[in-house]
Amino acid sequence: KTNGTILPTLVSDFLLNRLPRITVDMGAISHICNGADIMSPGIVSVQDSFNSGSIIAISDEKHGKFIAVGKALVGSDELKSIKSGKVIKNIHFVGDDIWEFIKNLR
């Protein structure tokens, strides 16, 4: 639960597959997995439509694996026309405290 919003973790593919999804290029992954927000130039595709404030699943382009969960700063229509800047706030990512906690439970 983050700021009153319940979010799926990255181990919940069942829930993540029901969220709108963006796919990022391989160059963006290390930054995202260090907590960086998602920048427009790193996005290679947008699946489904969404509004600003929507919770979004983020996957990598090579394997299609979920690497983060974020909150859209713009809607999907606007996102497709933006060429620079932050477009999704990174809320949960591979390697963060939540990820490490769940990994240690397994």
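Residues numbered from 1 in each chain as written. Predicted model: local features only at pLDDT ≥ 70, side-chain atom pairs only at ≥ 80, totals over all residues. Heavy atoms only, no water.

Observations regarding the nonpolar core
The cut-off we apply is this: To define a nonpolar core, start from buried Ala, Val, Leu, Ile, Met, Phe, Trp, Tyr and Cys residues and group those joined through side-chain atoms within 4.5 Å. For every residue, the accessible area obtained with a 1.4 Å probe (protein chains only) is divided by the maximum for its type, and the residue is called buried under 20%, exposed over 50%, and partly exposed between those limits. Each helix is a run of H or I in the DSSP string that is no shorter than four residues. Each strand is a run of E no shorter than two, and both are numbered from the N terminus. Residues count as neighbours in contact if any of their non-hydrogen atoms are within 4.5 Å of one another.
Formed by 18 residues in total, the largest nonpolar core has its most connected members in Ile22, Val24, Ile32, Ile38 and Ile58. Listing elements by their share of this core, those giving two or more residues are strand S1 (21–24), helix H2 (26–32), strand S4 (55–60), strand S5 (66–72) and strand S6 (86–93). If sequence neighbours within four positions are ignored, Ile22 has contacts with Ile38, Ile43, Ser45, Val46, Gln47, Phe50, Ile56, Ala57, Ile58, Ser59 and Ile88. Leu10, Leu16, Leu19 and Phe66 belong to the second-largest nonpolar core, a separate cluster that totals eight residues.

A word on the environment of Val74
Within the fold, Val74 resides in the loop between S5 and helix H3 (76–79). Residues within four places of Val74 in sequence aside, it is in contact with Phe50, Asn51, Ser52, Leu79, Ile82 and Val87.

Considering the pairing of S5
The following threshold applies: By this definition, two strands are paired if DSSP reports at least two bridges between them.
Most of S5 is tucked away, with six of its seven residues classed as buried. Here S4 pairs with S5 via five bridges, running antiparallel. Residue pairing in the sheet places Ser59 in a bridge with Phe66 of S5. Connecting S4 to the next strand, S5, in antiparallel fashion are five residues, including Gly64 with a positive phi near 70°.

A look at the side chain of Thr23
Here is the rule we go by: Polar contacts, as counted here, are pairs of nitrogen or oxygen atoms within 3.5 Å of one another; within protein the pair requires one atom able to donate a hydrogen and one able to accept it, and residues that are adjacent in sequence qualify only if both atoms are side-chain atoms.
Relative to the elements of secondary structure, Thr23 occurs in strand S1. In this structure the side chain of Thr23 is engaged in a polar contact, spanning 3.3 Å, whose partner is the side chain of Ser59. Here Thr23 is in contact with Gly42, Ile43, Val44, Ser45, Gln47, Ser59, Asp60 and Glu61, once residues within four sequence places are set aside.

Describing the confidence of the model for the protein chain
Here is the rule: Per-residue confidence from the prediction method is given by pLDDT, with values spanning 0 to 100.
The pLDDT averaged across the protein chain works out to 92; a share of 97% of its residues lies at or above 70. Averaged pLDDT values over the elements of the protein chain bottom out at 83 in helix H4 (residues 97–105) and peak at 97 in S1.

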